[in-house]
Amino acid sequence: MKRLMPAGRQGCRFKGNLMKRANIHKEGQRPLKLFIELLLAILIVEMLVMLLLHLFIEPLHLSAIAEGLLDSFSLVIFLFPILYFLFYRPLSLEIARYKQSMERVQELKTGYNVIIRAAMDGFWIIDTQGRLLDVNDAYCRLTGYSRQELLAMSIADVEALEKPEDTQRHIQQIMKTGSDRFETRHRAKDGRIVDMEVSVNYLDTDNGRIFAFLRDITERKKNLEQLLESNAINQSLIQTIPFGMDIVNEEGNILYLSPRLEAALDEEAIGKKCWQLYRDDKQQCRDCPLRKEIVPGETASIETDGVFGGRSFQINHSGMIYQGKKAVLEIFQDISERKKTEVSLEKLAVAVRQTADIIVITDRNGNIEYVNPAFETQTGYKIEEVLGKTPRILKSGIQDKSFYERLWKTILSGEVFRGVLINKKKDGRLYYSEKTITPIKDKDGNIYSFISTDKDITERKKAEEELLRLNKELLELDRMKSEFINMASHELRTPIAIMREGISQVVEGLRGEMPAQQKRFLSISLSNIDRLIKIVDSIFDISEIEYSRGELDRELTDITALARETIANFSQQAKDKGLEIKQGFPGKKIELDIDKARIKQVFANLISNAFDFTDQGSIEISIQEKDAIIECSVSDTGRGIPEALLPGIFGKFQQSGKSYGPGAKGVGLGLAIAKAIVERHKGRIWVESKLGQGATFSFSLPKENTKS
């Protein structure tokens, strides 16, 4: 039950009428009161007369009859004027007034019945127990009950909001206060719940009566609920809308701020100029609509920069009436990102217009919607000549139908097509076009357009064709060179071997003694023959490795044992040069599936290279086991390698020490052979060195070294 203000005018007027009726009722009871008072007066007067007669007549000693008559006569004479003036006249007046009052009561009762019956609002009378004593037709219509049904019920039977005990307590409270006004709910006969506004008055007559007017406020409640819901929605919208809002008066003073805009400010805003709070320069916008007359209902929009710390905003101004005065609703939309996007799009548009590549945009069916100026320049077609047509106007006819079927299949599946087309210009000349076609999709993934970029690669294709021709010639020359080297190495080995064997027999004295000087010269020749053999072997090795004339002869090999075996072959050379050979090997076997002879050759070439360029100090050979590789290194304390020579150190016929003092000379194939062997094993080789600080040559082999 919702309490309202005290009873309204209608209840007050009705209460006044009830009071009048009560007063008339009291006036109707006055004759009875006067009659009782008359009887009392007669008794009192008679007693007074008897007293007087006893005092004055008794001394005359009249007869009993005479005394009786005298007493009666005296009493009548004495009482008549008194009774007339004191009782009869007032009683007659009271009876007349009583008749008038009863007539007025009847008039009021008739008027009351007419008013109550014809009232639009419901009406009932209840006793202090809540029983219905009277109801009008309007209340019957509100609840759907007949008058007879309602008069057999109590308030608790129709009350839908209060419990019976609460209703009784409420009645007791009304009896104390005399009136009340509240909202409640009554249950109609068909089960409907009717919202009621009730105005009640209590009169202490006939053991207490409560009179009530009841107004159906169901529609008003619904409207109020809708209004509250609308207000809640508006508040929710204000809270969630992604824009700031304010209301300013004609002078620009802030009257209202939305929570979002209020959160962006660190100071009190109400009453201050909007531009002093929002703009970085604290100045009013030049095109601010507030500079003109405000017209309610009109809207103006401006875009301005330098707001809230350098950002850009679109501000919509709408004239309105706020708190009875003209005002402007301002809605702020941050367009900083849009501005950046517009700048980016403008840059993109300029790039598209000015790029040297052809750009074509088509619809899903391939009809041209846009071409850039480069299209006109390169193809000779004007924009108006190709709009609405398809790129088939450039088709040369050289590429077959299957090529274009593959193109369309690719782009219609949503994939990007890349390829080279041979197209035809307007003047009939052919040109090579490196084309990329990208499908453009909507948010649902449906293709609605294609964008194509074309680069004229005619000159490049000519250069490539020329390069291919030259490359074929080089490959042929290289093949001929390899065949010559291979043949020469085979053909040279036999005579060199014969020469070495003959000179060796002479030097060793197998053909007789010879002078020492001749023997010395023959020993020099024998040394040079050995060097020549080494050169021929190196040339043969590099030729055989590079051109894959044989498979690797793999076997499971302990690489640490292989390294020690190779080092042993250089022990005498180390002794002769006064160099120390150091070893850094793990204490366990490391077995790899490798070509034992070839990896030994790698160790030998790297160690030999270290001896060639190290005059003092030491040479260290180390092996480390890492996650997925075995890393082998040969370090020396020699001259080092200039940084400029490091990138090409593993090339063929490279000699890094050629210009640096005396020493053994070779053809520069040792490192190239080592690189080729390591790469055949799917490994890697590299060098680290600084001039004057020695060098470290390293190579790695994968642990999972399978046969190729």
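Residues numbered from 1 in each chain as written. Predicted model: local features only at pLDDT ≥ 70, side-chain atom pairs only at ≥ 80, totals over all residues. Heavy atoms only, no water.

A. Expanded view of the pattern of salt bridges. Evaluation of the coordinates by the stated rule reveals 37 salt bridges. A salt bridge links E631 to K626; its shortest N-O distance comes to 3.1 Å. E631 gets classed as buried once you look at its relative accessible area, which sits at 14%. (Salt bridge = Lys/Arg side-chain N within 4 Å of Asp/Glu carboxyl O. Buried < 20%, exposed > 50% of the residue type's maximum accessible area, 1.4 Å probe, protein only.)

B. View of the pairing of strand 15 (residues 430-441). Note that strand 14 (residues 417-424) and strand 15 share 8 bridges and pair antiparallel. Bridge pairing in strand 15 links N423 to Y431. Remark: 5 residues form the turn of the hairpin made by strand 14 and strand 15, two consecutive strands paired antiparallel; G428 in that turn has positive phi of roughly 95°. Between strand 15 and strand 16 (residues 447-456), which pair antiparallel in sequence order, lie 5 residues; one of them, G445, sits at a positive phi of approximately 85°. (Pairing = 2+ DSSP bridges. Helix = DSSP H or I, 4+ residues; strand = E, 2+ residues; numbered from the N terminus.)

C. Focus on the packing of helix 17 (residues 559-568) against helix 19 (residues 596-612). Between helix 17 and helix 19, the shortest axis-to-axis distance is 10 Å and the interhelical angle comes to 50°. By the angle between their axes, helix 17 is oblique relative to helix 19. In terms of crossing hand, the pair formed by helix 17 and helix 19 is right-handed. Between helix 17 and helix 19, the residues in contact are I559, L562, A563, E565, T566 and I567 and K596, I599, K600, F603, A604 and I607, respectively. Residue composition of the contact of helix 17 with helix 19, by class: 8 nonpolar, 1 polar and 3 charged. (Axes fitted to C-alpha atoms, helices over the stretch in contact; angles between N-to-C directions. Parallel < 35°, antiparallel > 145°, perpendicular 65-115°, else oblique. Left-handed = near helix turned anticlockwise from the far one by under 90°. Contact = heavy atoms within 4.5 Å. Nonpolar A, V, L, I, M, F, W, Y, C, P; charged D, E, K, R; others polar.)

D. Local environment of the environment of R353. In this structure, R353 sits in helix 11 (residues 336-354). Looking at R353, the relative accessible area reads 40%, which means it is partly exposed. As for R353 and N372, which are separated by 19 residues in sequence, their C-alpha atoms are 5.5 Å apart. Ignoring any residue separated from it by four or fewer positions in sequence, one finds R353 in contact with E346, Y370 and P373.

E. Fine view of the environment of V416. Along the chain, the position of V416 falls in the loop between helix 14 (401-412) and strand 14. Taking the relative accessible area as the measure of exposure, V416 reaches 34% and is therefore partly exposed. For the pair formed by V416 and P439, sequence separation is 23 residues and the distance between their alpha carbons is 6.8 Å. Ignoring sequence-local partners within four residues, the contact set of V416 consists of T410, T436, I437, T438 and P439.

F. Looking closely at the nonpolar core. Of all hydrophobic cores here, the largest spans 39 residues; its most connected members are I559, F603, I623, F697 and F699. Broken down by secondary-structure element, the contributors of at least two residues to this core are helix 17, strand 19 (591-595), helix 19, strand 20 (618-625), strand 21 (629-636), helix 20 (670-680), strand 22 (684-689) and strand 23 (695-702). The element contributing the most residues to this core is helix 19, with 7 residues. If sequence neighbours within four positions are ignored, F603 has contacts with I559, A563, T566, I621, I623, C632 and F699. By size, the runner-up hydrophobic cluster in this structure holds 24 residues, among which are C140, L142, L150 and A212. (Core = buried A, V, L, I, M, F, W, Y, C linked by side-chain atoms within 4.5 Å.)

G. A look at the packing of aromatic side chains. In total, this model carries 11 aromatic pairs according to the counting rule given. Taking 6.4 Å as the distance between ring centres and 75° as the angle between the ring planes, the aromatic pair formed by F313 and F332 counts as edge-to-face. Here the residue F313 occupies a position in strand 10 (residues 311-322), and F332 occupies one in strand 11 (residues 325-334), the gap between them amounting to 19 residues. Relative to Y404, the ring of F403 has its centre 5.3 Å away and its plane inclined at 90°; by these criteria the two rings are edge-to-face. (Phe/Tyr/Trp six-rings, centres within 6.5 Å; stacked < 30°, edge-to-face > 60°.)

H. Looking closely at the side chain of Q601. Inspection of the secondary structure assignment puts Q601 in helix 19. On the basis of relative accessible area, Q601 is assigned to the buried category, the value being 16%. Polar contacts involving the side chain of Q601 include one to the side chain of R598, which spans 3.0 Å. (Polar contact = N/O pair within 3.5 Å; in protein donor to acceptor, adjacent residues only side chain to side chain.)

I. Region of the structure containing the sheet that holds strand 20. Strand order in the open sheet formed by 5 strands is 18-20-21-23-22, and the pairing between neighbours is mixed. Every other strand in the sheet has two partners, leaving strand 18 (580-584) and strand 22 as the edge strands with one partner each. Taking the axes of each pair of neighbouring strands and ignoring which way they run, one obtains an average angle of 15° across the sheet. Of the pairings in the sheet, the one linking strand 18 to strand 20 comprises 5 bridges and is parallel in character. Bridged to E580 within strand 20 is S618. Set on the sheet, helix 17 makes contact with strand 18, strand 20, strand 21 and strand 23; between it and strand 20 the angle comes to about 170°.

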